[in-house]
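# Observations on chain architecture
Read off the chains here:
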Number of protein chains: 2
Amino acid sequence: MTNDIPVNPDRFLADLHALRAIGASGVGKGVVRPAYSPADIEARDWFAARIRNAGLEPRFDPMGNLFGLAEGQSLLVGSHTDTQPEGGWLDGALGAVAGLEIARAAREAGGPAVSCVSFQDEEGRFGVTTGSAAWAGLLAQAEADALTDHSGVTLGDARAVMGDRLGAPVDPGRFTGFLEMHIEQGPVLDGTTEALGVVEAIVGIRDMVITFDGQQNHAGTTPMHLRRDAFQALSAFNATLNERFANVVTPATVWTIGHVALHPDASSIVPGRARFSMQWRDGDPDRLKRMETIIRDTAAEVAEARGLEVGFGPMLGIEPVAMDAGLRAALRDAAEAMAPGRWREMPSGALHDASNVARLMPSAMLFVPSIGGISHAFEEDTAEADLVTGLRALAHAAAAAAP
Amino acid sequence: MTNDIPVNPDRFLADLHALRAIGASGVGKGVVRPAYSPADIEARDWFAARIRNAGLEPRFDPMGNLFGLAEGQSLLVGSHTDTQPEGGWLDGALGAVAGLEIARAAREAGGPAVSCVSFQDEEGRFGVTTGSAAWAGLLAQAEADALTDHSGVTLGDARAVMGDRLGAPVDPGRFTGFLEMHIEQGPVLDGTTEALGVVEAIVGIRDMVITFDGQQNHAGTTPMHLRRDAFQALSAFNATLNERFANVVTPATVWTIGHVALHPDASSIVPGRARFSMQWRDGDPDRLKRMETIIRDTAAEVAEARGLEVGFGPMLGIEPVAMDAGLRAALRDAAEAMAPGRWREMPSGALHDASNVARLMPSAMLFVPSIGGISHAFEEDTAEADLVTGLRALAHAAAAAAP
């Protein structure tokens, strides 16, 4: 057993609240600090000063990802400090400040070697986790620079605002692994007495638009048995799918019809067309594939039985990312040490920077509860006792895993 | 048995084709002749000339409804000559020209007394069947004049274009009853070998917006069993409703969910709100009421079981209009005489001028088949043999019913 890194919970919480003040907005502990905004850059400058103050080396890479480097080989710990357009104080900030505190405390204690990081644009102003994606080589800089936000600003112009802060790329080879703590952003832990979740995998996502084409008709003169009603097809598809999935899914699998467009979408007209989104997520690529087969077969059968045509749009997807076995074991040991019997293993249903960093090095994640499961909203919060339990467990695992 | 009115099918068809040439547009036999448009007024002037030529008295009332008056007490036969923005050649025109031919032939034969009519704005450029509604006293002239079309033109300004054509109101007291022939605008007759439909009732309509309010959530981090998904509630409501209606409806009852709006309507977000239209139609007011009870109970039960709130918008409705028993009997006899064994009794799922005129006098309707059930489209059509069978049957019934 390695000695723990002697983290300072008060200093950690004070830094979290100091960071929260930058871009504080909306109700409660709300924060508005989108990537590359003045508030985001101010937060990064504050974070760089804290890094320097801790005796670590602050370094911005070309995307504006901010590293706090220990000397030589080190374990990397962190997350991101940008927020959603209407965000909470912990989404990203928790993991970044925990990384800062662990790296700082480790340096004060004379080891082990821990660096910290705040990735840029995790919330996807310009795409999906673009800062860590660029660092991981999944997104070329020229390609990244051409991405635009909703108002048409390019990422290239946005990062130019960071000026001469931006430096050379940081070599991933100097890190032996990556740990990321994050709020769960869902209701699972909050519904229990558990304080921690050790992430098994970041789930894969499949997303497809499906269309039923039937016959638009007068809603008064068309008898029920002669209708080819696209909404009725959608409803029947949904009901059958829910039944058939029961034999395939786990309690962690999710699927969603979140978008529906009927045509012509009028109360007096039998809808001739229904276009809808079908999204499903799971940590197991085989299960994602089995679900796809059921979706396609069910849609085709419903269309055939009711005299409609079915169309499938392109399948978009993100592959599941399994967390590193060794780091997961370290997090399990740490969770049991800091919250005996009050933790579980669970998938992450949301994407995180760790999805990208896992391409470069062993990576793993730790969750703390989200009150009411709320995230991406000003109301997002977590009990401070849970934040501290998370910090201690993460430090315990970092001590075991760091070189 | 009364002697038949000796209608002339060739003259009737020639008039129908002459009328079709006014506003001919689009593909096939398409017509664009919206109420009060230059083409509509040209068609009314043509119709007035044909009336005068037949020895009847043409008379425009203040709305632009055009009557072809026989002397003294008479039976009124007709429909309308305005069309949808993209209409067919028979919707309205068939019944108006059939009225002209029957009134003309009756006058030539020395009796019985039959008048004809072309109502204005049946297709609702300014509302719903506004011309016959105003004549029937269901819509005051000042109220009618304030109605606007989609581009903001008032009915008052639109009818002013008809200038000094417009005359005094026509006294409904001079008519003993009203017969209207119309294309079915649905697929029922076309799917059989039947040539005629005797309308039992013009169905009533109930229309209500229903809302399920659940909880908007992240589609990745919210487990299925913790979701309060508004689309899933809608789908479950629809499935249960279809089952429960089975014990209440007749083959002529229809119900439609034609409009659906999810919020926020995104593929990655569990929908927190579903707002949708629920419309149902039947000729029996009691059945409409029983269906309403089932709808409200089912929506409330589904919401309760799934932890959502349900909201019901105001109930809009049009009452069913039963056709006059005596005129229906005359039409049944006429149908059996002209198409033995090839006719049925059926409801009208669409509204017609007869809905309004029935407030003033005994009224009934006769349907001929619509090819493919198509209406409100350029492609609308009916075999000419069916048009002539309809004319003969309507004339037979008129001979029996006229004073």
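Residues numbered from 1 in each chain as written. Chains lettered and ligands numbered in written order. Predicted model: local features only at pLDDT ≥ 70, side-chain atom pairs only at ≥ 80, totals over all residues. Heavy atoms only, no water.

## Considerations on the UniProt feature "binding site: Zn(2+) 1" (unreviewed entry) in chain A
Residues and elements named next belong to chain A. For the record, the criterion: UniProt positions are given in the numbering used here, feature names are shortened, and annotations may be inferred rather than shown by experiment. Under the DSSP-based scheme used, a helix requires at least four consecutive residues in state H or I and a strand at least two consecutive residues in state E, with every element numbered from the N terminus. In this scheme, a residue with accessible area under 20% of its type's maximum is buried, one over 50% is exposed, and one in between is partly exposed, where area comes from a 1.4 Å probe on protein chains only. Polar contacts, as used here, are pairs of N or O atoms within 3.5 Å; protein pairs need one atom able to donate a hydrogen and one able to accept it. Residues neighboring in sequence count only if both atoms are side-chain atoms. For this analysis, residues touch if any pair of their heavy atoms sits within 4.5 Å.
Sites flagged by UniProt as "binding site: Zn(2+) 1" (unreviewed entry) map to His80, Asp91 and His182. Maximum C-alpha separation among the annotated residues is 9.7 Å over a sequence range of 103 residues, consistent with a single clustered spot. Looking at where Asp91 falls in the secondary structure, it is placed in the loop between strand S3 (74-80) and helix H3 (93-108). Under the relative-accessibility criterion, Asp91 is labelled buried at 4%. A distance of 3.2 Å separates polar atoms of two side chains, one belonging to Asp91 and the other to Gln185. With respect to the helices, strands and loops of the structure, His182 is situated in strand S5 (residues 175-183). Overall, the relative accessible area of 1% leaves His182 in the buried class. With residues near it in sequence (within four places) discarded, His182 still touches Ser79, His80, Asp91, Gly92, Leu94, His352, Met365, Leu366, Phe367 and Val368. At 3.0 Å, the side chain of His182 forms a polar contact with the side chain of Asp91.

## What about the environment of A:Ile41?
Residues and elements named next belong to chain A. Here Ile41 lies in helix H2 (residues 38-53). The class for Ile41 is buried, based on a relative accessible area of 6%. Sequence separation between Ile41 and Val161 is 120 residues, and the spatial gap between their C-alpha atoms is 8.8 Å.

## A few points about the nonpolar core
Burial of nonpolar side chains together is a common tendency in soluble globular proteins. Keep this limit in mind: The criterion is simple. A nonpolar core is a set of buried Ala, Val, Leu, Ile, Met, Phe, Trp, Tyr and Cys residues joined through side-chain atoms within 4.5 Å.
A:Ile5, A:Leu16, A:Ile102 and A:Leu179 are the most contacted members of the largest nonpolar core, which has 94 residues in total. Tallying contributions element by element places H3(A) first for this core, with 10 residues. Non-local contacts of A:Ile5, meaning those with residues more than four positions away in its chain, are made with A:Ile102, A:Ala105, A:Ala106, A:Pro112, A:Val114, A:Ala395, A:Ala398 and A:Ala399. In terms of nonpolar packing, the next biggest core, distinct from the first, is built from 92 residues, B:Phe67, B:Trp89, B:Leu189 and B:Met323 among them.

## Points about the domain arrangement of chain A
For an interface, size is often stated in terms of accessible area lost upon the parts coming together. All names here are of chain A. Which entries qualify depends on this criterion: An automatic or database domain assignment provides the domain bounds reported here. By buried area we mean the combined loss of accessible area, with a 1.4 Å probe, across both parts when two parts are placed together. Residues are grouped as follows: Ala, Val, Leu, Ile, Met, Phe, Trp, Tyr, Cys and Pro are nonpolar; Asp, Glu, Lys and Arg are charged; all remaining types, including Gly, are polar.
Looking at the assigned domains, one finds that chain A contains domain 1 (9-203 + 320-401) and domain 2 (204-318). Here the C-alpha centre of domain 2 lies 37 Å away from the C-alpha centre of domain 1. With 7 residues of domain 1 at the interface, the matching set in domain 2 holds 10 residues. When residues of domain 1 are sorted by the area they lose upon contact with domain 2, Val203, Pro320 and Leu351 head the list and together hold 74% of the total. The tally of links between domain 1 and domain 2 comes to 1 residue pair in polar contact (both at pLDDT 80 or more). Classifying every residue of the side of domain 1 that touches domain 2 gives 6 nonpolar, 1 polar and no charged.

## A few points about the relation of the copies chain A and chain B
As a reminder, the rule being used: Only residues with pLDDT of at least 70 in both copies contribute their C-alpha atoms to the least-squares superposition of the copies.
Of the two same-sequence chains, chain A is brought onto chain B (RMSD 0.1 Å, axial shift 0.1 Å) by a rotation of 180°. One copy is carried onto the other by what is essentially a two-fold rotation axis. Within chain A, the C-alpha atom positioned nearest to the axis of rotation is that of A:Ser235, 2.5 Å from it. When the interface residues of chain A are mapped onto chain B, 100% of them again lie at the interface, so the same face is used by both copies.

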